[in-house]
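# Residue-level structural notes
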Amino acid sequence: MEPKCNAPLVGRPRSGLSVIMIACCLACTSPSVLAGPPFVTDDPEPVNYHYSEFYIGAQQTKSTGGRSGTLPHIEYNYGAAPDVQLHMTIPYAFNNPASGTTERGIGDTEFGVKYRFIQETENSPMVGAFPILLTHTGNSNKGLGAGSAQLFLPLWIQKKWGAWQSYGGGGYWVSHTTDIKNHWFAGWQVQKEISEHISLGGEIFHNTEQVTGQESSTGFNIGGDYNFDGHNHLLFSAGKGLRNATLTNQSSTYLAYQRKW
């Protein structure tokens with residue numbers, strides 16, 4: 001997932017948690033932290049049965065409130081059954097507010113199950129669901145977690161044609177934190193395989209209001225991956241906000257090493 005925001009927000013904070021910390025929690029615990037590397041938007045394609053994916057990477061988002069993200073985070077995906085993928089992400093988060101002390105520690109751990117229920121054909125796209133549970137393992141008083149569990153319920157579709165591929169969709173975030181609102185996320189990505197080693201693409205994504213007074217936000221990323229071989233890959237992206245960027249995303253980056261086996 002990309003981090004979302006870490007800026008001062010308008011709203012009533014709960015006891016012991018400033019509005020800046022609430023925003024930093026969103027930066028460290030929103031989708032994806034860790035969605036479809038290297039993008040925020042995810043896809044419906046699971047890891048093949050009995051195969052694995054491992055990522056180690058870092059990401060950050062800068063806003064008027066400061067900078068926050070992961071350094072590093074670890075992600076593991078496993079094909080537990082045909083069309084079924086188990087998912088886990090453990091982030092080592094950081095929160096560097098514009099005024100205040102930099103905090104570091106374990107962020108909110110992510111668990112998910114991706115299920116592809118429609119296979120792609122020549123004329124129709126692949127479709128799948130990927131519910132994700134974000135557990136509150138991060139310290140919310142330090143801006144490293146949300147303070148309670150969150151659940152993301154998305155639907156994703158994907159279609160390939162030649163060297164091109166596109167996927168997207170969205171879903172609903174359910175939060176048990178009083179300061180973080182239930183909200184919608186939507187995103188769409190397009191990429192092209194430039195050569196056997198390089199693929200490049202871009203995405204646009206949108207979140208409805210996550211915190212009272214913050215308003216909705218829209219952003220984009222441009223990125224891709226470099227394939228060293230069939231097992232080792234380098235993934236990268238960079239972007240910024242298009243709407244409400246000052247509060248949510250003045251700039252963001254993602255970099256990770258991926259191993260498949």
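Presented here is a report on the structure given in the accompanying data block. Each chain has its residues counted from 1, following the order in which its sequence is written. A pLDDT threshold of at least 70 governs which residues receive local features in this predicted model, and a stricter bar of 80 or more applies before side-chain atom pairs are shown or counted, although totals over entire chains, interfaces and linings include all residues. Hydrogen atoms and water are omitted, and side-chain values are computed over all heavy atoms in the structure.

## A word on the overall build of the chain
Under the DSSP-based scheme used, a helix requires at least four consecutive residues in state H or I and a strand at least two consecutive residues in state E, with every element numbered from the N terminus. A count of helices and strands for the chain gives two helices and 14 strands. Residue exposure (1.4 Å probe, protein chains only): buried if accessible area is under 20% of the type maximum, exposed if over 50%, otherwise partly exposed. Taken across its 261 residues, the chain has 52% of its residues classed as buried. The contacts in the chain between residues at least 6 apart in sequence include a share of 57% that link residues at least 24 apart. With the model as given, the accessible surface of the chain reaches about 11,100 Å², and the carbon-plus-sulfur share is 61%. Between two residues, a contact is recorded if the distance between any of their heavy atoms is within 4.5 Å. In short, Shrake-Rupley with a 1.4 Å probe defines the accessible areas, and a residue's cover is counted only from the protein chains shown.

## Section: unusual backbone geometry
Phi is mostly negative for residues that are not glycine, and the peptide bonds are mostly trans. Here the residue pair Leu71 and Pro72 is connected by a cis peptide bond, since its omega of 0 degrees sits within 30 degrees of zero. Its place among the elements puts Pro72 in strand β2 (residues 66–81). Even without a glycine there, the phi angle at His50 is positive, about 70 degrees. The topology assignment puts His50 in the loop between α1 (19–29) and β1 (52–63). A residue is classified by how much of its surface remains accessible, and His50, at 52% relative accessible area, is exposed. With a phi close to 70 degrees, Glu215 is a non-glycine residue in the positive phi region.

## Examining the packing of aromatic side chains
Aromatic pairing here means that ring centres of Phe, Tyr or Trp (its six-membered ring) are within 6.5 Å. Orientation follows from the plane angle: under 30 degrees is stacked, over 60 is edge-to-face, and everything else is tilted. Applying the stated criterion across every chain, the model contains nine aromatic pairs. With 6.2 Å between their ring centres and 40 degrees between their planes, Tyr115 and Phe117 make a pair best called tilted. Classification of Phe117 by relative accessible area gives partly exposed; the value is 41%. Summarising the aromatic geometry, the rings of Tyr226 and Phe228 are spaced 5.0 Å apart at their centres and angled 75 degrees between planes, so their arrangement reads as edge-to-face. For Tyr226, a relative accessible area of 32% corresponds to the partly exposed category.

## With respect to the environment of Val174
In this structure, Val174 sits in strand β9 (residues 164–175). Residues Val174 and Leu133, spaced 41 residues apart in sequence, show a C-alpha to C-alpha distance of 9.6 Å. Not counting residues up to four positions away in its chain, the partners in contact with Val174 are Ala149, Gln150, Leu151 and Asn182.

## Remarks on the environment of Gln59
Inspection of the secondary structure puts Gln59 in strand β1. The buried category is assigned to Gln59, whose relative accessible area is 2%. A sequence separation of 177 residues divides Gln59 from Phe236, and the C-alpha atoms of the two residues are 9.6 Å apart.

## With respect to the pairing of strand β6 (residues 126–129)
In this structure, strand β5 (residues 110–118) lies alongside β6, joined through three bridges in antiparallel fashion. Looking at β6, one finds that Tyr115 is bridged to Ala129. Two strands qualify as a pair provided DSSP detects at least 2 bridges between them. Sheet topology places β6 next to strand β8 (residues 150–161); four bridges connect them, and they run antiparallel. When the bridges of β8 are listed, Met126 appears paired with Gln158.

## As for the pattern of salt bridges
By convention in these notes, a salt bridge is any Lys or Arg side-chain nitrogen within 4 Å of a carboxyl oxygen on Asp or Glu. With the rule as written, the count across this model stands at six salt bridges. Lys181 serves as the salt-bridge partner of Glu209, at 2.6 Å between the closest nitrogen and oxygen. Highlighted residues: Glu209 in the loop between β11 (198–207) and β12 (217–227) and Lys181 in the loop between β9 and β10 (183–193), separated in sequence by 28 residues. On the basis of relative accessible area, Glu209 is assigned to the partly exposed category, the value being 23%.

## Considerations on the nonpolar core
In plain words, nonpolar cores are sets of buried Ala, Val, Leu, Ile, Met, Phe, Trp, Tyr and Cys residues tied together by side-chain atoms within 4.5 Å. Listed in full, the nine residues of the largest apolar core are Val40, Phe130, Ile132, Leu134, Phe152, Trp156, Trp173, Phe185 and Phe205. Listing elements by their share of this core, those giving two or more residues are β7 (132–134) and β8. Not counting chain neighbours up to four residues away, the residues in contact with Phe185 comprise Val40, Thr41, Phe152, Trp156, Gly169, Gly170, Gly171, Trp173, Phe205, His206 and Asn207.

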